[in-house]
Amino acid sequence: MAQPEVDLTKKYDAVIIGSGAAGGMAAHVLTTHGLQVLLLEAGKKLDIEKELRSMQWPYDNAHRGALPPDSHSLSFNEYTIRRPPYGPGFEKSKNLYSYIGNSDYMKNIVVNERENPFTGTNYAWVRARCLGGKTNIWGRLALRLSDYDFKAKDRDGYGENWPISYSDIAPYYDKVDLYLGITGVKENLPYLPDSLFQRPTKLNCAEVTLQQGLKKMGRVLTQYRAGVTTDGLKHNKYRSRCYGRGACERKGGCDIHAAFDSPTGLIYPAMDTGNLTLRTNSTVREITVDPATGKASGVHFTDSQTMKDYTVRGKVVIVAASTLESARLLLLSKSRLYPNGLANSSGHVGHNFCEHVMGPGVAGQARDLVGKPSTLDDGRPGGFYLARFRNLKEKHPNFIRGYGFEGGSGSSMFPAGTDQPGFGASFKEEIRKNQGSYIGMGAFGEVLARYENYVDLDPVVKDKWGVPALRFHYKFGENEHNMVKDMKETAQEMVEAAGFKIIYVNDRVLTEGWSIHELGTARMGNDPKTSVLNQFQQSHDVKNLFVVDGSAFVNASCQNPTWTIMALCWRSCDYLADQLAKNEL
Ligand SMILES: Cc1cc2nc3c(=O)[nH]c(=O)nc-3n(C[C@H](O)[C@H](O)[C@H](O)COP(=O)(O)OP(=O)(O)OC[C@H]3O[C@@H](n4cnc5c(N)ncnc54)[C@H](O)[C@@H]3O)c2cc1C
Ligand code: SF4
């Protein structure tokens, strides 16, 4: 795509950095308010349907969907044995990707690790530098947080409460639901609030069996709450309703855009207002400051392909580069006025870094489904979500906070069980006989926000564009390890209690970062000494600077974060537009 000419003499009302869930939402809300907005995205605009190919059969792909032989994606063992930067040692591979880049469908969406190095402790950092960022390939589980999360400190004394309550954000969750579409079933759980759901997908036979078994234990298994429109969205011409087809479980995106992605869900409609200018291939390297006022004045960026440098001005700067990249940008934006980085008088930028711990899970088999005719379970945006049950009423003796499980069963385009030994006709027969009978689930648990878990800038290593790399100082702690033990035990106990034969139990803790839910590096709070942003994600130090992505989270909860990122961003951008109109920024 030819780059549109950006008018660099113009002072935009707002300059947004990053075009994922957060940047896209900021563009939507601010252009709807009539602001003149410039959106800068480091990556390119991909011909995304050509990448996703969600109707392609495995046998129509040269490598059955795997990466071409000249490329490599990091495995769990490699993340464990090696230390970042992960590039050295893989010189034979033309491209090196994170673990999620292990398919032909993802290879152009995720970054090449060699061009984008980082250092420090082990971390499976997944980045997508392209228009729409990680929303092109996200798993779409779209959950709300509740006051069990926002006011978690009141319940167990740990950490900080958020400066907002559920009632502050609930109307914005509703707006996100209605604008983007979400499928699910109401359960009336105070710790997992319902959305305004469109038509739900169906649980299959084994999933209903597990659901019924869990009911007896007082635990709730519900349909996967997916950020997918099943009824359609009359206001958006770029998206279709879910046709229930395609390799949805591959999580390689949806090429009719029934599943939310930022370009079709937010950015193209924002461009249609005439108020949005988009420039891709624009890597922001610094937020500039007016030394006279101390306010943000715009950004310096480099054209990611030509390497040419540019400066652009804005009345407001909105950082939405994703949690860790946003922290990196704030730390990079050092000046005489802000020697520790921008918005960092508290010293908390990069700290309180949290996410979800993953790994423990279980696979079971419904013996009565073995040999039954195949069902068509592809074309579902997800199987089930098993809601948190720990530390709600009683207190667990060994850990605080909670965890939930994602899982599913059924027959899909690429059948389960193909990793079993065997070959030839008897192998095929075995696979056919068993494939629909398996059920599996894996846990996502809250990693506590700790000041000691942080990122800073590496003094030596730089990326391909000459920008200092991030250095990680991040480890799971005792609470996470105790929680993981419990995840493994309860997973087995629940699947057994529902009558399944256990095939295997997984007690392996996946590398830090595996959840792709990094959060908390510029947290919100009422006290400027211990937080970076106020409740509207506005910097305490620089009032025309907003950080609208997962950086603002005070804790990770155990629910997936993207719907909350977008609801918070919508709320903050409404406030921003109001303040700008009143000349308060
Ligand atoms: C495989 C996968 C499965 C997932 N599943 C789920 C799920 O089921 N549920 C859920 O809630 N979440 C899920 N996530 C996480 C979800 O994708 C993220 O929470 C969400 O995309 C975060 O939005 P963001 O805007 O903060 O970041 P991103 O979507 O990463 O977007 C950030 C953008 O900023 C750009 N950028 C970075 N640095 C710069 C710079 N210096 N200058 C200009 N631009 C820059 C990047 O190129 C990128 O396009 C998943 C993610 C992946 C990869
Ligand atoms: S099942 Fe629905 S959301 Fe999934 S790929 Fe198909 S149309 Fe898209």
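Residues numbered from 1 in each chain as written. Chains lettered and ligands numbered in written order. Predicted model: local features only at pLDDT ≥ 70, side-chain atom pairs only at ≥ 80, totals over all residues. Heavy atoms only, no water.

Re the site of ligand 1
Stated formally: The nearness test applies per residue and asks whether one of its heavy atoms lies within 4 Å of the molecule or strand. Think of a polar contact as two N or O atoms within 3.5 Å of one another; within protein, one of them needs to be a possible hydrogen donor and the other a possible acceptor, and neighboring residues in sequence only count if both atoms come from side chains. Note on areas: these come from Shrake-Rupley sampling with a 1.4 Å probe, and a residue is covered only by the protein chains present in the view. Every helix listed is a DSSP run of H or I at least four residues long, and every strand listed is a run of E at least two residues long, numbered separately from the N terminus. All amino acids are sorted into three groups, where Ala, Val, Leu, Ile, Met, Phe, Trp, Tyr, Cys and Pro are nonpolar, Asp, Glu, Lys and Arg are charged, and the leftover types, Gly among them, are polar.
Taken together, 37 residues are adjacent to ligand 1, and Glu-41, Lys-134, Gly-139, Leu-141 and Thr-562 come closest. Interatomic distance of 3.3 Å between a backbone N/O atom of Gly-133 and an oxygen atom of ligand 1. Interatomic distance of 3.4 Å between a backbone N/O atom of Pro-561 and an oxygen atom of ligand 1. Out of a free accessible area of 990 Å², ligand 1 has 95% covered by protein chains. Elements with a contribution of two residues or more to the shell around ligand 1: helix H1 (21–32), strand S8 (282–289) and helix H12 (562–581). Looking at which element gives the most residues to the shell around ligand 1, the answer is S8, with three residues. By residue class, the composition of the shell around ligand 1 is 18 nonpolar, 13 polar and six charged.

Quick word on the site of ligand 2
Inspection of the region around ligand 2 gives Val-228, Cys-242, Tyr-243, Gly-244, Arg-245, Cys-248, Cys-254, Ile-256, Ala-258, Gly-379 and Arg-380 as its neighbouring residues. Among the residues making up the shell around ligand 2, the classes are represented as seven nonpolar, two polar and two charged.

Structural notes on H1
Just so we agree on the cut-off: Working rule for helices: expected span equals 1.5 Å times residues minus one. Here the term buried applies to any residue with accessible area under 20% of the maximum for its type, exposed to any over 50%, and partly exposed to those in between, with areas from a 1.4 Å probe on protein chains only.
If you check H1, its first and last C-alpha atoms are 17 Å apart, about what twelve residues at 1.5 Å a residue would give, namely 16 Å. Counted residue by residue, H1 has eleven buried out of twelve residues, so it is predominantly covered. Restricting attention to buried positions, one finds in H1 the residues Ala-21, Ala-22, Gly-23, Gly-24, Met-25, Ala-26, Ala-27, His-28, Val-29, Leu-30 and Thr-31. Looking one or two places after H1, you find Gly-34, whose phi comes out positive at around 90 degrees.

Focus on the sheet that holds strand S5 (residues 119–120)
Our working rule: For two strands to be treated as a pair, DSSP must find no fewer than two bridges joining them. The contact definition used throughout considers only heavy atoms, calling two residues in contact when any of these lie within 4.5 Å. All axes here are fitted lines through C-alpha atoms, helices being fitted over the stretch that makes contact, and every angle between N-to-C directions spans 0 to 180 degrees.
Spatial strand order, S5-S16-S15: three strands in an open sheet with mixed pairing. At either margin of the open sheet sits one strand with a lone partner, and together these are S5 and strand S15 (454–462). As defined by bridge partners, S15 adjoins strand S16 (residues 468–473) across five bridges and the pair is classed as antiparallel. The residue bridging Val-455 from the neighbouring strand is Phe-472, located in S16. Contacts between helix H9 (residues 323–332) and the sheet are confined to S15 and S16, with S15 contributing the most and set at about 65 degrees to the helix.

Some points on the nonpolar core
Note the threshold: In plain words, nonpolar cores are sets of buried Ala, Val, Leu, Ile, Met, Phe, Trp, Tyr and Cys residues tied together by side-chain atoms within 4.5 Å.
Core analysis: the biggest nonpolar cluster contains 158 residues, and Leu-210, Ile-287, Val-299, Ile-318 and Met-441 have the highest contact counts within it. When residues of this core are assigned to their parent elements, the largest contribution, twelve residues, is made by H12. Leaving out residues up to four positions away in the same chain, Met-441 has contacts with Leu-210, Gly-361, Val-362, Phe-384, Leu-386, Phe-405, Glu-406, Gly-407, Ala-491, Met-494 and Val-495. In this structure, Leu-143, Ala-226, Val-228 and Ile-256 belong to the second largest nonpolar core, which totals 18 residues.

So, the environment of Val-319
By the secondary structure assignment, Val-319 is in strand S10 (residues 309–319). It is 32 Å that separates the C-alpha atoms of Val-319 and Phe-405, two residues lying 86 residues apart in sequence. Val-319 has contacts with Ile-17, Ile-287, Ser-326, Leu-329, Leu-330, Leu-545, Phe-546, Val-547, Val-548 and Asp-549, leaving out every residue within four places of it along the chain.

A few points about the packing of H1 against H12
This is how the line gets drawn: Crossing handedness is defined as follows: a turn of the near helix away from the far one that is anticlockwise and smaller than a right angle gives a left-handed crossing, while the clockwise case is right-handed.
Packing of H1 against H12 leaves a shortest axis separation of 9 Å and a crossing angle of 35 degrees. Seen along the crossing, H1 lies across H12 with a hand that is right-handed. Residues Ala-21, Ala-22, Met-25, Ala-26, His-28, Val-29 and Leu-30 of H1 form the contact with H12, whose own contacting residues are Thr-562, Ile-565, Met-566, Cys-569, Trp-570, Cys-573, Asp-574, Leu-576 and Ala-577.

As for the pairing of strand S14 (residues 438–446)
Of all nine residues that make up S14, seven are buried, and the element is covered over most of its length. Here eight bridges tie strand S11 (residues 356–365) to S14, and the two strands are oriented antiparallel to one another. Residue pairing for S14: Val-357 is matched across the bridge by Gly-445. Pairing geometry for strand S13 (residues 403–409) and S14, over seven bridges, is antiparallel. Note on S14: the bridge partner recorded for Ser-409 is Ile-439.

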